[in-house]
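Structural description and commentary
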Amino acid sequence: MKRRDFFKIVTASGAAAAAGGCQQATESILPLVVPNEQIVPGVASWFATVCRECPAGCGVLARNREGRIVKLEGNPDHPVNAGALCLRGQAALQGLYHPDRIAGPMVREGSGGFKTATWEAAEKLVVEKLTALRGAGKGRAIALVSQLESGSVGALLDRWGQALGARPRVTLEPFAYEPIRAANRITFNRDAIPYYAFEDAETILSFGADFIETWLSNVGYARMFARMHSFRDGRAGTFIHVEPRQSLTASNADEWVRNVPGTEGLLALAILRVMVDEGMADRRFGDAVAGVDLKKAAETTGVAAETIKHVAKAFAHAKPGLAIGGGVAVTGSNATETQVAINLLNAAAGNVGKTVRFGPDSAYGKITPHAEVAALARAMAGGEIEMLVLGPGVNPAFTLPSGLKLADAIRKVAFVVSFANVPDQTSELAHVVLPATHWLESWGDYAPREGVLGLLQPTMAPIRDSRPMGDTLLRVGRAALGTEEGKGPLPWPTVEQYLKSAWEPLVKGDLEGALRRGGVFADVATAAVTAKIAPVDASPAKLEGDAAGLALLAYPSLRFYDGRSAISSWLQESPDTMTQAVWDAWVEVSTETAQKLGIARGDMLAVKSPQGTLELPAYVSPTLHPGAVAIPLGHRYTPYQQRLQYVAPDPRSMNPMTILPAATDATSGALAFMSVKVTLTKLGTRRPLAVLQATHDQDDRELAQHVDLRAAREQALRGKAPHEPPITLYADKQYPGPRWGMTIDVDACVGCQACVVACQAENNVPVVGKASAAYGRQLHWLRLERWAEGKPERPTNLFLPMLCQHCEVAPCEPVCPVFAAYRTDEGLNGQVYNRCVGTRYCGNNCPYHVRRFNWFQYEFPAPLEVQLNPDVTVRQLGVMEKCTMCVQRIVAGKDRARDEKRGVRDGDIVTACQQTCPTQAITFGNLKDEGSNATKLTHSPRAYHVLEEIGTRPSVTYLRKVVREHA
Amino acid sequence: MTAKAGVGALGVALLAILIFLAVSSWSRQPAVAKPSNQPINFPHNVHVGTYKIDCQYCHSEARRSEYAGLPSVERCMGCHKITGAALPEVKKLAEFHAKKEPIPWVRVNKLPEFTYFPHKAHIRAGLKCQTCHGPVETMTTYAAQTGPRLTNDLLNLVGLRPAPPPLTMGWCVDCHRKENATAGRHAPLDCVTCHH
Amino acid sequence: MSDGHSTPPTFADVNRDVLRTLEPPGNLYFAWMCVVALLLAGFFFAWAGQVWWGMGMAGKRVPQMWAMYITTFVFWIGIGHAGTLISAILYLFRARWRTSIYRAAEAMTIFAVMTAGLFPLIHAGRMWFAYFLLPYPNQRYLWPNFRSPLVWDVFAISTYLSVSTVFFIVGLVPDIAALRDASTGWRRRIYAMLALGWEGADNQWRHYRRAYGLLAALATPLVLSVHSVVSWDFAMALVPGWHSTLFAPFFVDGAIFSGFAMVLVLGLPMRHFFKLHAYIQEKHLDAMGKLILVTGLVLTYFYLCEIFTSLYSGEHIEKASLFWKVTQNYAWALWTMYFCNCVAPLVLFSRRARTSPVVLYVVSILVLIGMWFERFNIIVPSLGHDFYPYTWGIYYPSPTDTMIVIGSFAFFFLLFLGFIKVMPSLSIVEVKETIPAPMREKAHGH
């Protein structure tokens, strides 16, 4: 039978099992009509597919219980993410089960709202329009806009367009990194974005490239960054980051260079200049930097000449180094020049071919240039476009600067078809909505880079009456062309058949295997390139608006990307690591500006640009460059989030795109995000931010500790000082079986929050909303703290994932009157929800305050409750809860071991946070097994316990962060 | 007179105890369905008793899953295409099969949501199904008599040790303890093994 | 008899005066009762809301998972001390001045403890499972955790309540007999039942005295134990500002301090409205004043010890907590407490203040406020600035918190106001003991 049918059936039985909620007096249980090999009720089965939350294209394994996906994990076999997943990937489930998922086809009623329609009726409208246009010979009046589809799906869409004589398809990705392409055309004569081999670099010099947040492939590059940078892995490479604002990436740098916004190019050239002058680079590069004077450059960039010098040394002496550029600060009017300068740096230091590898080129290189997007916008505004087809995941009305007037342009289009499956700012403008299946319900493929083709397969039956975009297009295409299945340019009945035929040559008969592995992966040889050395215009980025104003840095957010992930309440409530703010957008203001205007955190500010005004609460930051203000992109609330009775979002726009002009980078024509100066005015009103962390100052409590690199190296040689046993009157607890423990490497942690969301997904942790979160009632079992040390304007940031420490002498245990908190025989600190009375004594007595209380009965609006993990109790109001070290996974792991008649081995049990961590900072294991990785790490000289002096003897061991000398 | 007052006080005290015991047993009462209104009147005694069909032939998930599982309609039809096809109850079954609809069995055994009970581990330990589910082979319609009882609480209170009713926590614990003591097994007694 | 100082009251006076307190009350009384009932309604409304929607209705948060409920709980337990102290300990020490006030004080004790007893229930997130704290054999083979101070509370408080109730009832018996003889109709029948057939025969008196003495001896240690145990709820915990061996005596003293203040707050109006000046005389007020003064000074000493130890400890976190309390968000509460508990009572050094009902009344009110804030300062600020900077935070009471705390006072006053109208709020028997027995011929004045 076809998997699709069987899913339909199994879904029914899933409903009974997957329900959390309260006890019913009677309920019915539905058996399958037909037994199936793929799913055993009560046993998880896994399906490999590809994450489409952003163009990075990480491999994903979807955990299917009773026909419904309950958890996503990275695919260990996938070359990009190798098992890790970022918080957006983890939260994709909330898009799948989003309460606002469009229930079925919708057709606009005249000028009024939508009314639901049958697929036949809705498709008929589309077909009529298509035939009419083709009949009138106006095929060019049809425009197809989709997100980046680098595989066969893209080919199919193009084929559809050609068959109907439509305009060339536009792939719309707001973050396209065109300047890099353009620069590579100029320097290396290659229109591509190469693979950057972080893992082989000794020194990474980044000009604003926020690779831990959104740049190209945040999971992949974070992984590789850990390899070159984390002390644990033997190498301690150096990472220097240039950016006007201390982003999460900047805060991971050994040295963060704060420059005047828009002067990265000049800085790069100045560094090259130093390299040439001091004979660290070939003389040939001299003429590229002929016009650059170090002193002047130092003035313009606001970076001391000494700094430039030693950065140049650090970079030039690295064998090899790597210079990269990106991020908002490198999207100004001079973006391409900046990237060219960076290319020259790489060429001069001889990194090209070593750490800059053309060949395995990134899929970003295939994104339609912004110039064509703008052209389409003009065409629409000019009434040339009569039919616009918008694929899922594209939301131009939100993700493009209002300067483009795209929304107005779309309104001018007579007939707009949207395939969105969750309503957004663009689908509101559509005339017909044909909800496409979520990528977890779809067939497809995606190639994040050359040689890596990830395959998408449906991991469950569609939860709503939605159909794959491909199927619909094929059907309406054939109808419009008047051909039937098997004939004509669009012969395939479904996209599934099309893909399988397209994959045939690649998978060579082993489709099952390829689907199991998650794709077809091959290595691509590095292509040799030669650098063309030519003078570079070093002038800083030109900014529109009030010259006396502040440069606006509208930066892509780690949590929401361009806004497509903002529908997830998990992400809304997982704090931005740097500000620890949740649920709301803010405008980051430097302390200097704040003092000048008398601004405090939470004051409402009007951010005014020639394009318009945006009103947001202020976040005062000591690290931001005085000449700039920063606003995260992508913040928006969905109708569902506004429905949640405990969330009261501000209806006004939080989107900085609304005040951005349609400026572009002169050379590449790329969209310029840093293109305007804004002025701030204090409104006098307040909108307090929900900031989870009371203070970033440790008050000398040494919660997050660090050690100097040299010292760390010495200790590593000497080994750990013999640990004297604690002095106690009481007999130590004996553990007949294993004793579970965990180590967290503060040095490896980059603060990406993936673990926080993974934990939330695994353990049925509800969201509490802005008000509760602001009042210390968030329920995260695992929180990621940022502790700032040193000078407030350029602090050393330490990221500390804090979860239940499972103390051997746990303060929470003796005070619980009913043994709801107790010590298990395996060294866990157990929490028995159904025994808990809710005296909250344990919560008071926990020095780490990691115990969470159910202040209310929190809701999982349908169908979100389908996502609940059936192996974990859904907690009732009035009970305490906390990290269990994924005890359900421990039980499962032991069960598997017993099946195989063996003891539990290291690696059998992997906690949710550990599994998803891109830098593998977290290690779980049996502390009684001397061979286990966890035990080995606890013997590291860097090992310490948080608040050790209290004598709680935690089972969670932290490893000190290693800070470089010149940091 | 004094005595009378004393008796009164004692009475009040006892009443209080009774009330809260009643409340407590009620609040712990797991949901148990009436077995009467099953869509198809399925006689376990015939299948298990007379025809000696192994439990796991139909409840085939038990050995590999948390749930014991129910036979798919197709599996039922496997035999009933021929066997007893004429019987009225089997005709009902045939209808479901023809309509490709699942049979909406009424659930009989249901542990509270906060309790995790894996059949698999118990089958692996060689437990007979009857140990927990009673003499199924004799039941015309399967029913479970379970849940805490007030009488039981009271007997406990006066120091007697009545056997806990089946499928209650004490009953599970008893068995685990016994097995560990006598059979030298390692049946877990950690709360979080079942409550997580 | 407006002025009872020239001639001591006769037995007849005593009976008349005491029974007069039981006459049908005036409008003022009913007005009072209405206010109380209203507040009480609010109390139950708020509680119901909290049970229905969850503990979040109260202003609790991380890190203040305990706040005003436990504050008020400890406050009432404290109030519950003076009564038994006066009736039991002072009885054993034969302090005669106690006689005129101990009845009211005992009643106050029991009602205070009853009020306090509500709070553990109100406070629990799932109060419907509160019975888990009781040790009873059950088919889950589960027992409470006897290492937990909360379980000790359950024992300490229930014991204290039962013993002092019995003590109270026994003390009442002869007086109820008097009421029985004085009243008629259904009242008589009820009093008769409660009087347990008291005739005032010699052997009854003999047994009565013995029983009363024994119960007094039994109740005495409880006075000290209960509040020590309650104090261990904090002392046993890790929180800086809680983790102190000082707490047991500290709490007991504070309890007596606030207890006597409450006795005055209740006693002085009674004295005024019921014209009991003959029985509650200046010497009584004076004695009470002295006691408040002494306990107040002791408390001040404890405060100093507390500050000294945390400074002397050299513990960074301990000191940080102290400095924060003294200087930051909750400083106002702390200084209020210091003023009310340490400064205000000092006026009682002057005898004129000790004998002036007005001054005493004001001081007692201040003391009560101060003692409530003492518990508040122990709980809320300590938690607000403890080990982990990430979670430091400020607690804001919600309407639910406030209504329940105020409502608890209403609950207490409802019981007490009810009591003084149905039972003799003055011990007829013991008052009579203190005045010369009637002679045949007219007694001369002294």
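A look at the overall build of chain B
Counting secondary structure elements, chain B contains 10 helices and 1 strand. Going residue by residue from the N terminus, the α and β elements of chain B occur as α-α-α-α-α-β-α-α-α-α-α. Residue burial in chain B is summarised as follows: out of 196 residues, 34% are buried. Pairs at least 24 residues apart make up 61% of the contacts formed inside chain B by residues separated by at least 6 positions. Total accessible area on chain B is roughly 11,100 Å²; 68% of this is exposed by carbon and sulfur atoms.

Points about the overall build of chain C
Assigned secondary structure in chain C consists of 15 helices and 0 strands. Since a compact globule built from 446 residues should have a radius of gyration of about 22 Å, the 23 Å found for chain C is in line with a globular shape. Along the first, second and third principal axes, the C-alpha atoms of chain C reach 80 × 60 × 40 Å. Taken over 446 residues, chain C has a buried fraction of 59%. Here the contacts in chain C between residues at least 6 apart in sequence split such that 81% fall between residues at least 24 apart. Of the roughly 18,200 Å² of accessible surface on chain C, a fraction of 72% belongs to carbon and sulfur atoms. Separation between the mean location of the 32 positive side-chain charges and that of the 23 negative ones in chain C comes to 4 Å.

Considerations on the packing of helix α8 (residues 247-273) of chain C against helix α9 (residues 282-312) of chain C
All names here are of chain C. Contact pair α8 / α9: the axes reach a minimum separation of 9 Å and the direction vectors enclose 150°. In terms of orientation, α8 and α9 fall into the roughly antiparallel class. Relative to α9, the crossing made by α8 is left-handed. Here the contact of α8 with α9 is built from residues that sort into 18 nonpolar, 3 polar and 4 charged.

Structural notes on helix α7 (residues 218-229) of chain A
Note: α-helices contain 3.6 residues per turn, so residues at a spacing of three or four share the same orientation. Residue and element names in this part refer to chain A. Across its 12 residues, α7 extends 15 Å between first and last C-alpha, which sits within 8% of the 16 Å expected from 1.5 Å per residue. Of all 12 residues that make up α7, 11 are buried, and the element is covered over most of its length. Considered for burial, the residues of α7 that qualify are Asn218, Val219, Gly220, Tyr221, Ala222, Arg223, Met224, Phe225, Ala226, Met228 and His229. Looking at the buried side of α7, the elements it contacts are α2 (87-90), β9 (195-196), β10 (203-207) and β11 (238-242).

Some remarks on the packing of helix α5 (residues 152-163) of chain A against helix α16 (residues 469-481) of chain A
Residue and element names in this part refer to chain A. The N-to-C vectors of α5 and α16 enclose an angle of 15°; their axes lie 11 Å apart at closest approach. With respect to each other, α5 and α16 are oriented roughly parallel. Seen along the crossing, α5 lies across α16 with a hand that is left-handed. The residues of α16 that touch α5, namely those facing Leu156, Leu157, Trp160 and Ala163, are Met469, Gly470, Leu473, Leu474, Val476, Gly477 and Leu481. Of the residues belonging to the contact of α5 with α16, the class tally is 9 nonpolar, 2 polar and no charged.

With respect to the interface of chain B and chain C
Facing 21 residues of chain B, the contacting portion of chain C comprises 13 residues. At the junction of chain B with chain C, the criterion picks out 0 salt bridges. Inspection of the region where chain B meets chain C yields 1 residue pair in polar contact (both at pLDDT 80 or more). Residue assignment for the side of chain B that touches chain C shows that the elements contributing at least two residues are α1 (2-27), α8 (150-157) and α9 (169-183) of chain B. Across the side of chain B that touches chain C, the residue classes break down as 10 nonpolar, 5 polar and 6 charged.

Some remarks on the pairing of strand β18 (residues 444-449) of chain A
Residues and elements named next belong to chain A. Of all 6 residues in β18, 5 are buried, a share of seventy percent or more. By the bridge criterion, 4 bridges tie β18 to strand β19 (residues 452-456) in an arrangement that is antiparallel. Looking at β19, one finds that Asp445 is bridged to Leu455. Between β18 and β19, which pair antiparallel and follow one another directly, the connecting turn spans 2 residues, one of which, Gly451, has a positive phi of 90°.

Some remarks on the pattern of salt bridges
Applying the stated rule across the entire model yields 62 salt bridges over all chains. A salt bridge links Arg101 of chain A to Glu441 of chain A; the shortest N-O distance between them is 3.0 Å. With Arg101 of chain A in the loop between α3 (92-96) and β5 (106-108) and Glu441 of chain A in the loop between β17 (432-433) and β18, this pair connects stretches of sequence that are 340 residues apart. Across the pair, Glu441 of chain A and Arg101 of chain A agree in class, each one buried. Salt-bridge contacts for Arg180 of chain C lead to Asp181 of chain C; the nearest nitrogen and oxygen are separated by 3.0 Å. Relative accessible area serves as the criterion here: at 15%, Arg180 of chain C is assigned to the buried category. Connected via shared salt-bridge partners are Arg63, Arg65, Glu66 and Asp871 of chain A together with Glu66 of chain B.

A word on the sheet that holds strand β13 (residues 321-325) of chain A
Residue and element names in this part refer to chain A. Taken in spatial order, the 4 strands make up an open sheet running β12-β11-β10-β13, and their pairing is parallel. Each end of this open sheet is capped by a strand with a single partner; those strands are β12 (255-257) and β13. Between one strand axis and the next, the sheet turns by 15° as a mean value, whatever way the strands run. Along the sheet, helix α11 (residues 305-317) makes contact with β10, β11, β12 and β13, crossing β12 at roughly 130°. Docked against the sheet, helix α12 (residues 335-348) engages β10 and β13, running at close to 175° with respect to β13.

With respect to the interface of chain A and chain C
On the chain C side, the residues contacting the 58 residues of chain A number 58 residues. Taken together, both faces of the contact between chain A and chain C bury some 4,500 Å²; the carbon and sulfur share is 59%. Along the contact surface separating chain A from chain C lie 0 salt bridges. Linking chain A with chain C are 36 residue pairs in polar contact (both at pLDDT 80 or more), by the criterion used here. Broken down by secondary-structure element, the contributors of at least two residues to the side of chain A that touches chain C are β31 (783-789), β32 (796-802), α25 (812-815), α26 (841-845) and β35 (852-853) of chain A. The residue makeup of the side of chain A that touches chain C, split by class, is 29 nonpolar, 16 polar and 13 charged.

So, helix α11 (residues 331-343) of chain C
All names here are of chain C. The end-to-end C-alpha distance of α11, which contains 13 residues, comes to 17 Å, matching closely the 18 Å that a straight helix rising 1.5 Å per residue would cover. Buried within α11 we find Ala331, Ala333, Leu334, Met337, Tyr338, Cys340, Asn341 and Cys342. Where α11 is buried, its residues contact α8, α9, α10 (316-327) and α13 (357-384).

A word on a negative patch on the surface
On the surface, Asp697, Asp700, Glu702, Glu724, Glu948 and Glu949 of chain A together with Glu315 of chain C cluster together into a patch of negative charge. For Glu702 of chain A, the position within the fold is in the loop between β28 (690-691) and β29 (706-708).

Concerning the nonpolar core
Counting residues in each nonpolar core, the largest one holds 367 residues, and the members touching the most others are Phe198, Trp215 and Leu800 of chain A. Top element by residues in this core is helix α3 (residues 68-92) of chain C. It accounts for 16 residues. Among the nonpolar cores identified, the runner-up in size contains 44 residues, and Ala163, Met387, Trp443 and Tyr498 of chain A belong to it.

Topic: a nonpolar patch on the surface
Among the surface-exposed residues, Leu15, Leu18, Ile19, Val23, Leu150, Leu154, Leu155, Leu157, Val158 and Leu160 of chain B lie close enough to one another that they form a single nonpolar patch of about 790 Å² accessible area. Elements represented by at least two residues in the nonpolar patch include exactly α1 and α8 of chain B.

Remarks on the sheet that holds β19 of chain A
Residues and elements named next belong to chain A. The strand order across the open sheet formed by 3 strands is β18-β19-β20, and the pairing between neighbours is antiparallel. Strand pairing shows two members of the sheet lacking a second neighbour, β18 and β20 (519-521), which therefore form its edges. Within the sheet, the average angular offset between the axes of one strand and its neighbour, ignoring direction, is 15°. Relative to β20, β19 runs antiparallel, the two being bridged by 3 bridges. Paired with Gly454 across the bridge in β20 is Gly519. Against the sheet, helix α17 (residues 495-507) contacts β18, β19 and β20, and its axis sits at roughly 140° relative to β19.

Calculation criteria
- Residues numbered from 1 in each chain as written.
- Chains lettered and ligands numbered in written order.
- Predicted model: local features only at pLDDT ≥ 70, side-chain atom pairs only at ≥ 80, totals over all residues.
- Heavy atoms only, no water.
- Helix = DSSP H or I, 4+ residues; strand = E, 2+ residues; numbered from the N terminus.
- Buried < 20%, exposed > 50% of the residue type's maximum accessible area, 1.4 Å probe, protein only.
- Contact = heavy atoms within 4.5 Å.
- Areas by Shrake-Rupley, 256 points an atom, 1.4 Å probe, with all protein chains shown as cover.
- Rg over C-alpha atoms; globule rule 2.2 N^0.38 Å.
- Lys, Arg positive; Asp, Glu negative; His and termini not counted.
- Charge placed at Lys NZ, Arg CZ, Asp CG, Glu CD.
- Axes fitted to C-alpha atoms, helices over the stretch in contact; angles between N-to-C directions.
- Parallel < 35°, antiparallel > 145°, perpendicular 65-115°, else oblique.
- Left-handed = near helix turned anticlockwise from the far one by under 90°.
- Nonpolar A, V, L, I, M, F, W, Y, C, P; charged D, E, K, R; others polar.
- Expected span 1.5 Å × (residues − 1).
- Salt bridge = Lys/Arg side-chain N within 4 Å of Asp/Glu carboxyl O.
- Polar contact = N/O pair within 3.5 Å; in protein donor to acceptor, adjacent residues only side chain to side chain.
- Pairing = 2+ DSSP bridges.
- Buried area = accessible area lost by both parts, 1.4 Å probe.
- Patch = residues over 30% accessible without salt bridge, like charges linked within 9 Å, V, L, I, M, F, W, Y side chains within 5 Å.
- Core = buried A, V, L, I, M, F, W, Y, C linked by side-chain atoms within 4.5 Å.

Shape descriptors only; they carry no functional weight alone.
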